Amino acid sequence: MATSSTSALFASALPSPKRLFPLTQQQSFNQHFKSISLSHFPLKGDFTPSVAFNPSGNFDLTLADGGGDESQVASPPPPKEGRFEIILDNDAICRLDLSPVHCMAGRTSVVSDGPLPEPKKLLEHTVGFTINYEREDPLDPRELSEFPDIRLWFVRLDAAYPWLPVVLDWRAGELARYAAMLVPHQMSMRLGVVFNPEALEIFVLNKVFIVYSWLKQHNVPKPKLKTSDMARMLGFGIGDDLFDLIDAQSLHPS
C-alpha cells in the first residue's frame, strides 16, 4: 500500500489550553459560544494526538519553528487493519472523480451515485486514503495538502459526503489530514500541521452539526459520544447543551 510523507506531519502534541488563544480572542470566543460549552483541551490517552494549533491565530511560524527539533514530529500509528481504502491518483483528482469512494469496499462499480457500505459497517471498519499523486516536479517539497488540485478534490468530496470525517481512521491521522485539505494551515517541521484556530473552530462546529444528525438518522448508538470523540480528536470539547439545542431545533427534510 502506498503511503505519503504527509502522514508524519499529522501527529504532533497539542499546546496547553492557555496557549490556544490570545486573551482578547478567547474572551470574544466565550461571549459568542459560551452557551454551547465548546472548549479546548489537550488530548489524553495511549495514542499520539493528531493536530497542532497556531496559538497566535496567524500564519507567522518564525518563532514557532526557530531552533526546533524536527524529530518532535512523530509518525502516527499504522492504519487500522481491514479499513476501507479510498485510492486516488492524478487522473481521479484532476477530473474531480469520486468513483474511488464507491470502490473503497472492493466493489468494481464506478457509478457516481452508487450506494456506499452501511453506516455501521463504515464506522466499524473506518476509512482511509491512499493518495498516489505524481508531482510534475519530483523535487517539489510541498505536502499533499498544499496542492490546489488535491484540495479541490477533497472540497468536492466533502460537499458530497459531509459526514465522512466521523468514519475516518482517526488514530492513523486520517481525520487530521482530511481537516488539512479543507482548513487553512501551514506546515511546520517542528509542530506538524498548524491550523488557523478560528477556521478550525468553524470546521469542527460544522461537522458536529452534520455528523450528529447523520448518526441519529441512521440509528447509530450513542451519537453524542461519537460526535464528541470526533471533535476531541481535533482538540475541542463539546457540551451536552449544544446537542440539546440541536435536538430542540431538529431540521426536517422538505
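Conventions used here
- Residues numbered from 1 in each chain as written.
- Predicted model: local features only at pLDDT ≥ 70, side-chain atom pairs only at ≥ 80, totals over all residues.
- Heavy atoms only, no water.
- Phe/Tyr/Trp six-rings, centres within 6.5 Å; stacked < 30°, edge-to-face > 60°.
- Buried < 20%, exposed > 50% of the residue type's maximum accessible area, 1.4 Å probe, protein only.
- Helix = DSSP H or I, 4+ residues; strand = E, 2+ residues; numbered from the N terminus.
- Lys NZ or Arg CZ within 6 Å of the ring centre and 35° of its normal.
- Axes fitted to C-alpha atoms, helices over the stretch in contact; angles between N-to-C directions.
- Parallel < 35°, antiparallel > 145°, perpendicular 65-115°, else oblique.
- Left-handed = near helix turned anticlockwise from the far one by under 90°.
- Contact = heavy atoms within 4.5 Å.

Draft legend 1. Fine view of the packing of aromatic side chains. Counting across every chain of the model gives 7 aromatic pairs. Residues W153 and F154 carry aromatic rings whose centres are separated by 5.2 Å and whose planes lie at 75 degrees to one another, so their mutual orientation is edge-to-face. One exposure class covers both W153 and F154, and it is buried. Here Y212 and F243 contribute two aromatic rings whose centre-to-centre distance is 4.7 Å and whose plane-to-plane angle is 55 degrees, an arrangement assigned as tilted. In this pair, Y212 sits in helix α8 (residues 197-217) while F243 sits in helix α10 (residues 240-248), placing the two residues 31 residues apart along the sequence. Of the two residues examined, Y212 and F243, each falls in the buried class. A connected cluster of aromatic rings, assembled from ring pairs, spans F129, W153, F154 and Y178. Against the face of F147 rests R142, its NZ or CZ located 4.1 Å from the ring centre. The ring centre of W170 lies 4.8 Å from the NZ or CZ of K226, which sits over that ring.

Draft legend 2. The arrangement of the packing of α8 against helix α9 (residues 223-233) in detail. Two numbers describe how α8 lies on α9: the axes approach to 9 Å, and their chain directions differ by 155 degrees. Relative to α9, the element α8 is oriented roughly antiparallel. Remark: the crossing between α8 and α9 carries right-handed chirality. Every residue of α9 that contacts α8 at V204, K207, V208, V211, Y212, L215 and K216 is listed here: P223, K224, K226, T227, M230 and A231.

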